[in-house]
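Structure at a glance
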Amino acid sequence: MSSPFQTVTSPADELTHLVLHSPAMPGHRPEELPRATLCGGRSSGWHASSPGEVGCLTCLYSAPQFMALPGFWVIR
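Of the regular secondary structure elements, the chain holds 1 helix and 3 strands. In sequence order, the chain lays out its α and β elements as β-β-β-α. Here the C-alpha atoms of the chain give a radius of gyration of 11 Å, agreeing with the 11 Å that 2.2 N^0.38 yields for 76 residues. Over its C-alpha atoms, taken along the principal directions, the chain stretches across nearly 30 × 25 × 20 Å. Evaluated residue by residue, the chain yields a buried proportion of 34% over its 76 residues. Within the chain, contacts between residues at least 6 apart in sequence are counted, and of these 61% link residues at least 24 apart. Put simply, the chain shows about 4700 Å² of open surface, and 57% of that area lies on carbon and sulfur atoms. Computed over 4 positive and 5 negative side-chain charges, the inter-centroid distance for the chain is 10 Å.

Okay, here's the thing in structure tokens:
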């Protein structure tokens, strides 16, 4: 199973954030960037860092409640 999290940037700050990127979420597609981060901000682009290196602590603290969801098998 792949992780349901992807690292993104946000136009609101210089931090990296997490988005939930899962086929279990209505409207999510493997090639499309989810609109909102786990902390509720807007996502603006994919980031190459791993989900464990995310700078936003709110995103990191929110992640455990979604860990059981499947992720897309997408290779970037």
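Moving on from the model shown.
Topologically, Thr-37 is positioned in the loop between strand 2 (16–20) and strand 3 (45–46). When sequence neighbours within four positions are dropped, the list of residues in contact with Thr-37 reads Val-8, His-17, Leu-18, Val-19, Arg-42, Ser-43 and Cys-59.

Rules behind the numbers
- Residues numbered from 1 in each chain as written.
- Predicted model: local features only at pLDDT ≥ 70, side-chain atom pairs only at ≥ 80, totals over all residues.
- Heavy atoms only, no water.
- Helix = DSSP H or I, 4+ residues; strand = E, 2+ residues; numbered from the N terminus.
- Rg over C-alpha atoms; globule rule 2.2 N^0.38 Å.
- Buried < 20%, exposed > 50% of the residue type's maximum accessible area, 1.4 Å probe, protein only.
- Contact = heavy atoms within 4.5 Å.
- Areas by Shrake-Rupley, 256 points an atom, 1.4 Å probe, with all protein chains shown as cover.
- Lys, Arg positive; Asp, Glu negative; His and termini not counted.
- Charge placed at Lys NZ, Arg CZ, Asp CG, Glu CD.

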